[in-house]
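Descriptive analysis of the structure
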Protein chains: 2
Amino acid sequence: MYTIGQISEMFHLPISTLRYYDKEGLFPNLKRESGIRKFTDREVETLRVIECLKQSGLEIREIKQFMQWCTEGSRTYPLRKALFEGRKAAVEAEIAELQKTLALLTYKCWYYDTAIQDGNEDGIRAMLPDHLPKEIQALYDRANER
Amino acid sequence: MYTIGQISEMFHLPISTLRYYDKEGLFPNLKRESGIRKFTDREVETLRVIECLKQSGLEIREIKQFMQWCTEGSRTYPLRKALFEGRKAAVEAEIAELQKTLALLTYKCWYYDTAIQDGNEDGIRAMLPDHLPKEIQALYDRANER
DNA sequence: GCTTGACCTAAAGTCAGCTTTATGTGTTAT
DNA sequence: ATAACACATAAAGCTGACTTTAGGTCAAGC
């Protein structure tokens, strides 16, 4: 069993955030002893899932909904599974987006590297939009894909 | 040359957002003809960079700062390069985080798949925390890494 | 016995990033 | 000429996710 302070350190989350999560109903099983929250390994696990779902782009009220389902037994298994499938697809899409972002960032790093060496952007501009060095061209095209 | 409406369609961004970006100084070269904004290919390119930097986690005011640097000639090349290097590192870190999130999501998909088949979570609980099927164990461990 | 520190609540405040509202201008179609 | 459109502004409003504030309880150490 853990106090809110211990959980705060464990997850590097402010105490106020944990209380806010509790207020929002994200810990449906959280018990108290004379008013004081008692976190168990179950809440530690819950918090891991909260962080995961948050990172996946889910809103607090949707996470609450999921936690609610978890208290409703086996008939909500399909709902819960569908939620995770959906989040999985969303995160895969997000990663794909970020790879494209990364291509443009990498291109821009080369761009300014070159500009610093040349003292200006003229040489690069002369190569745009499709006579860049092979590797760089690939990044540039990938970033401007749609 | 494009009107704000054309740019809005091109980027699937509301007109209000484009006006907001302009108000925030994100288009330092944007010209007007009798009050009406005239977007050129330069602004199209700027908008691509805005979207990229936004996806990388940069705030509007930092993007504005970057756009300011772009108007200040070659002496800001090093600043601009450092910005992109930093954003590149941030996006790489973000992708790594999302891969971990993805591992937990994939694990949870298996979890509910199994729970649906079994009609309960007992079988899975008996395997936790380190007697899961090999592939699944790898996902689980990866997700709970720190 | 009194201060310190960790816990508690309810309610108000903050912040970024838009979005909406209210109002107005200028060109094009009927 | 009048309605419909696409543009414009300034200012207020919205949303989600916290965070801060103001006030209180309770156990432990000096």
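All figures in this text were calculated on a predicted structure; none of them were measured in a lab.

**Some thoughts on the relation of the copies chain B and chain A**
Under the fitted operation, chain B is carried onto chain A by 0.0 Å of movement along the axis and a turn of 180°, and the coordinates agree to an RMSD of 0.0 Å. The transformation just described matches what one would write down for a two-fold rotation axis. Considering only C-alpha atoms, the part of chain B nearest the rotation axis is B:Ile95, at 3.1 Å.

**Some remarks on the protein's contact with DNA strand C**
In the vicinity of DNA strand C there are 18 residues, among which A:Thr3, A:Arg19, A:Arg32, A:Arg37 and B:Thr17 approach most closely. Taking A:Arg37, its side chain carries an N or O atom lying 2.8 Å from a phosphate oxygen of DNA strand C. Only α1 (4–11), α2 (15–23) and β2 (36–38) of chain A together with α2 (15–23) and α4 (60–70) of chain B provide two or more residues apiece to the surface near DNA strand C. Among the elements that make up the surface near DNA strand C, the one with the highest residue count is α2(B) (4 residues). Here the surface near DNA strand C is built from residues that sort into 7 nonpolar, 5 polar and 6 charged.

**Here we look at the protein's contact with DNA strand D**
Taken together, the neighbourhood of DNA strand D is formed by 18 residues, with A:Thr17, B:Thr3, B:Arg19, B:Arg32 and B:Arg37 sitting nearest. Atoms of DNA strand D within 4 Å of the protein belong to the sugar or the phosphate in 79% of instances, the rest to bases. With respect to DNA strand D, the side chain of B:Thr3 contributes an N or O atom lying 2.8 Å from a phosphate oxygen. B:Arg32 places a polar side-chain atom, nitrogen or oxygen, 2.9 Å from a phosphate oxygen of DNA strand D. Elements represented by at least two residues in the surface near DNA strand D include exactly α2 and α4 (60–70) of chain A together with α1 (4–11), α2 and β2 (36–38) of chain B. In terms of residue count, the dominant contributor to the surface near DNA strand D is α2(A) (4 residues).

**Brief notes about the confidence of the model for chain A**
On average, residues of chain A score 96 in pLDDT, and 99% of them are at 70 or above. Put simply, helix α7 (residues 134–144) of chain A is where chain A has its lowest mean pLDDT, 93, and α2(A) is where it has its highest, 98.

Conventions and cut-offs
- Residues numbered from 1 in each chain as written.
- Chains lettered and ligands numbered in written order.
- Predicted model: local features only at pLDDT ≥ 70, side-chain atom pairs only at ≥ 80, totals over all residues.
- Heavy atoms only, no water.
- Least-squares fit on C-alpha atoms with pLDDT ≥ 70 in both.
- Near = heavy atom within 4 Å.
- Polar contact = N/O pair within 3.5 Å; in protein donor to acceptor, adjacent residues only side chain to side chain.
- Helix = DSSP H or I, 4+ residues; strand = E, 2+ residues; numbered from the N terminus.
- Nonpolar A, V, L, I, M, F, W, Y, C, P; charged D, E, K, R; others polar.
- pLDDT = per-residue confidence, 0-100.

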